[in-house]
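# Secondary and tertiary structure notes
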Amino acid sequence: MNAATAFKVMKDLQNAFRIVAFLHLYDYLWPHQAVVRDGVSYDFIVVGGGTAGSVIANRLSEIEHINVLLIEAGGNPPYESDLPAVPLLMQRSRYDWNYTEELDGFQDSCRHTPSRKITFGKMLGGTSSLNYMVYHRGQPSDYDSWAEIANDATWKWEHVLPYFIKSIKLNDAQILQSESKKYYGTDGLLQLTKDHRKGIDEFLDAYRELGHDVFHDFNENNVVGFSAQMFTMASKSRYSSALAYLSPLKNRRNLHVLKNTLVTKILFDENKKAVGVEVLTEDRKTMTLKAKKEVIVSAGVMNTPKLLMLSGVGPEEHLKLNNIEVVSNLPVGENLQEHANVIIVHDIDIGPLPPPNLYALTGFSFTGFISLNQSSKIPDYQQMTYVTLPEPLLYFCTFAFRFSEEVCNNIYKNSVNKSQAMNEIIHINPKSRGKVLLKSTDPEDAPIIDVGLYSNKDDIENHIDYILDFLRVMNTTYYNKVDAVMADAAPKCNKYGKETREYWRCYIMCMSSGMSHMTSTCPMGAVVDSRLRVHGVKGLRIADASVMPTITRGNPMAAVIMIGEKVSDMIKQDHNLI
Ligand SMILES: Cc1cc2nc3c(=O)[nH]c(=O)nc-3n(C[C@H](O)[C@H](O)[C@H](O)COP(=O)(O)OP(=O)(O)OC[C@H]3O[C@@H](n4cnc5c(N)ncnc54)[C@H](O)[C@@H]3O)c2cc1C
């Protein structure tokens, strides 16, 4: 196997699954297509049936006399969305928005192309239908600082925790019999599965040897340390936000789900109240759909700011440049935040791993939140380690990370008869910021995206510190026992010597990428208030990853679902519906 073959295998598999999609065998899982007429009114319109939008559509339509229209640009998730082993197959397919970042100063990187491809889900469940399913809530201190920025104590950890708990249906005997039980629900809608697979404990022992705590579970007391990962999975399948929140109510009469329909504009009346949306339907008809109470935009971190700007809500100068009439002058699209990730692969000798299985995650994994100052309760970086056979890693290298064939072949070449540990060293508190702008006023055009990774140079130097800290694991008993050797992914950096900061500066420029954890393009404070209402207009809220004032120090999906739960209650309260 080599990188070119691995890439071709992925393309062939994508084509094979297209045939399965053509048969529509799994459409019975999802709500029917709504029948709509031009000019028809609903109480609430939710734009985007993704991670947050699915939650909101469910919770608002719990009230029987309220009519909710959920509009989603994509269609039903395909069969492969269900299969935990193959999330990659939906990348660069019709289930992906297929955006590309502008040139970002990494032209000299080890990527396949200088511009980075960026994936977001375009289907019910949005990005939760194609992501890697890791469930982590971020740090309690993240929410305390949101509360401060938003000037609203209801965003503090103690007040958002009940919404995390409400969403969950945990079925893990070990956790439910432990102290951690109080942090989980058992009658929510989102199923979680903890990874208990063989092999994890030996790795965790190595981190224990370095002085780190090892937990069953991360929660408000267990913040800094290591644990096996938790996933949004039932035992053998993905649990996307759509499967959790939309599938069970596919026959609910007051919820109307309009699929394959792009919202092109939010419509305002003369008092700047959002009164509806303009859409482009799957048969390419333009229609107006009206909202009596509110429009809630949950179109994700790129498409929410794009839609707002197209509708006249955004930075005045940029809107005027595009001849868009300004409704509210706000810093929409600025403040984009992302976790930078550096990949370090180890060849290891741990004996045979089970062969890949479509219904299980490949290999096994664990994660750690590490503070360089071991007495601190606030982590500086996160480590996620996936232990697999070398072939699945080659697919990731070439198809997901899109590193060059040379880099992927370098990583693969000494792995014959071995396993590999792919370590993601993640900068979870970046100072760098990016932005989203309109490319044109055509709603079908992609936006201009500048993720801004390492635009603040402190992030590079801090990342080197994190990598050097991580590498201490190479001296532990277990890593010696399994003959861990670092794959020589970037030989061009070897001239500096691996013990130097120059080597790691060079390595970072070669082997880094974003985690696809982007947030904060319409943040609380600057763009929306603490009840997620857009400043300067009425009847318009935003609820998705874009409203986070700062990126969570952890994987963001759990926080997005919590935002969906919390905003649903806020909307009900503001309209006297509870
Ligand atoms: C490859 C990948 C792996 C990831 N892995 C993890 C992980 O393991 N754990 C984790 O915590 N996070 C992960 N993330 C991040 C996480 O999935 C996202 O942060 C989260 O799902 C975002 O939710 P959202 O509601 O903001 O947006 P989305 O879930 O993307 O929802 C937006 C929805 O709006 C729709 N839409 C957009 N524009 C329009 C329009 N104009 N009209 C109608 N509909 C529209 C979209 O099609 C989409 O369905 C990953 C992300 C990626 C890309």
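An unreviewed UniProt entry lists the protein chain under the name Glucose dehydrogenase [FAD, quinone]-like, from Spodoptera litura. UniProt, in its Sequence similarities (unreviewed entry) section for the protein chain, records the words "Belongs to the GMC oxidoreductase family."

Pairing of strand β1 (residues 41-47) with strand β12 (residues 286-297), which is carried by six bridges, proceeds in the parallel orientation. Bridging from a neighbouring strand, Ile45 pairs with Val295 of β12. When strand β11 (residues 274-280) meets β12, the two strands line up antiparallel, connected through five bridges. Its bridge partner lying in β12, Gly276 is registered against Lys290. Between β11 and the antiparallel strand that follows it, β12, lie five residues; Arg284 among them carries a positive phi value of about 60°.

In this section: the UniProt feature "domain: Glucose-methanol-choline oxidoreductase N-terminal" (unreviewed entry) in the protein chain. Mapped onto this structure's residue numbering, the UniProt feature "domain: Glucose-methanol-choline oxidoreductase N-terminal" (unreviewed entry) falls at residues 121-144. From the first C-alpha to the last, residues 121-144 spans 30 Å; its make-up is 21% helix and 0% strand.

Neighbouring residues of the ligand: 39 residues in total, closest Gly48, Gly50, Gly126, Asn555 and Met557. Broken down by secondary-structure element, the contributors of at least two residues to the shell around the ligand are α2 (51-60), β10 (262-268), α9 (300-310) and α16 (557-574). Broken down by element, the shell around the ligand gets its largest block of residues, four residues, from α9. Of the residues assigned to the shell around the ligand, the class counts are 18 nonpolar, 18 polar and three charged.

A separate point is helix α1 (residues 3-22). The terminal C-alpha atoms of α1, which comprises 20 residues, lie 29 Å apart, in line with the 28 Å expected from a rise of 1.5 Å per residue. For α1, every residue scored as buried is listed here: Ala3, Ala6 and Met10. Taken end-on, α1 shows its buried residues confined to a sector of 55°, consistent with a single buried face. Of the exposed residues in α1, the ones pointing more than 90 degrees away from its buried face are Ala4, Lys8, Lys11, Asp12, Asn15, Ala16, Ile19 and Phe22. Once α1 ends, the next one or two residues include His24, with phi positive near 55°.

Attention now moves to the pairing of strand β6 (residues 190-194). Of all five residues in β6, four are buried; the element is thus mostly enclosed. As judged from the three bridges shared by strand β5 (residues 168-170) and β6, these two strands associate in the parallel manner. Bridging from a neighbouring strand, Lys169 pairs with Gln191 of β6.

Calculation notes
Sequence order sets the numbering: in each chain, residues are counted from 1 along the sequence as written. With the structure being a predicted model, the display of local features is reserved for residues of pLDDT at least 70 and the display and counting of side-chain atom pairs for 80 or more, all residues being used for whole-chain, interface and lining totals. UniProt positions are given in the numbering used here, feature names are shortened, and annotations may be inferred rather than shown by experiment. A pair of strands is treated as paired once DSSP finds two or more bridges between them. Think of it this way: any DSSP run of H or I at least four residues long counts as a helix, any run of E at least two long counts as a strand, and we number them from the N terminus. Note on definitions: a residue is near a molecule or strand provided its C-beta atom, placed from the backbone, lies within 6 Å of it. Three categories are distinguished: nonpolar for Ala, Val, Leu, Ile, Met, Phe, Trp, Tyr, Cys and Pro, charged for Asp, Glu, Lys and Arg, and polar for the others, with Gly belonging to the last. The span you would expect from a helix comes to 1.5 Å times its residue count less one. Three exposure classes are used, all based on how many other C-beta atoms lie within 10 Å of a residue's own C-beta (placed from the backbone): buried at 20 or more, exposed at 12 or fewer, and partly exposed between those limits. Read the arc as the range of directions from the helix axis to the C-beta atoms.

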